[in-house]
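# Geometric and topological summary
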Amino acid sequence: MKAVAGALGDTEPLWRDWLEDAARRYRVDVGALDEQLPNWRPLLERFAEERAPVYLRRDADVSEQLRRLHAGGVQIGVFTDAPEELARIALSHLGADGRVTAVAAGDGARERLLERLGADAAVVRTRAELLALN
């Protein structure tokens, strides 16, 4: 196996809570962030940095598997429909940022990542699938 593409950590609750907070705090329609709150990305990043420990927990088995894959020369890519700022904070908090070679975020992230890593990359969506890789 030369590459693995997968989802790592569930950022959905953190993203959802930030959207609720932004709607209340900044009184914006979160469906129109770019227009109504042009600096929303740094605001999201700050919110995520402060709250990541509440939402995301490191997993020793996953960390070991990522170390093993990385040491074996496997390219590790992560895809998510969340904004890139949130994905990067999650990777850092989970201790995976130094082992991940590519991150694709937003619409079409999986497809873009597979284009970069190659169509033969193993795709994992769950912890169990990641741990089962040899």
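Below is a summary of the structure that appears in this document. Bear in mind the structure is a predicted one, so any value in this text is a computation, not a measurement. (Residues numbered from 1 in each chain as written. Predicted model: local features only at pLDDT ≥ 70, side-chain atom pairs only at ≥ 80, totals over all residues. Heavy atoms only, no water.)

### Notes on the layout of surface pockets
Test applied: Every definition here rests on a 1 Å grid over the protein atoms only: cavities are sets of points where a 1.4 Å probe fits but cannot get out, pockets are open sets enclosed by protein on both sides within 12 Å along at least five of seven lines, and lining residues have some atom within 4 Å of a point. Grid points are joined across faces, edges and corners, and a volume is the space filled by probe spheres set on the points. Only DSSP runs of H or I with at least four residues qualify as helices, and only runs of E with at least two residues qualify as strands; both kinds are numbered from the N terminus onward. Throughout, the ten residues Ala, Val, Leu, Ile, Met, Phe, Trp, Tyr, Cys and Pro are labelled nonpolar, Asp, Glu, Lys and Arg are labelled charged, and all others, Gly among them, are labelled polar.
Of the volumes computed, that of the second largest pocket is approximately 230 Å³. In this structure, the second largest pocket is lined by 14 residues; those nearest its centre are A7, G9, T11, F79 and T80. Of all the secondary-structure elements, those providing two or more residues to the lining of the second largest pocket are β2 (75-80) and α5 (84-93). In terms of residue class, the lining of the second largest pocket is made up of 7 nonpolar, 3 polar and 4 charged.

### So, the sheet that holds strand β3 (residues 102-105)
Within a beta sheet, neighbouring strands are joined by backbone hydrogen bonds and run either parallel or antiparallel to one another. Applied cut-off: Pairing between two strands requires that DSSP report at least two bridges joining them. Axes here mean lines fitted to C-alpha atoms, for a helix over just the part in contact, with angles spanning 0 to 180 degrees between N-to-C directions. Any two residues whose heavy atoms approach within 4.5 Å are treated as being in contact.
The parallel open sheet is built from 4 strands, whose spatial order is β3-β2-β1-β4. Looking at which strands have only one partner, the edges of the open sheet turn out to be β3 and β4 (122-124). When the angles between neighbouring strand axes are averaged without regard to direction, this sheet yields 20°. Direction of pairing for strand β1 (residues 3-6) relative to β2: parallel, over a ladder of 4 bridges. Its bridge partner lying in β2, A5 is registered against G77. Running over the sheet, α5 touches β2 and β3 and is turned about 140° from β3.

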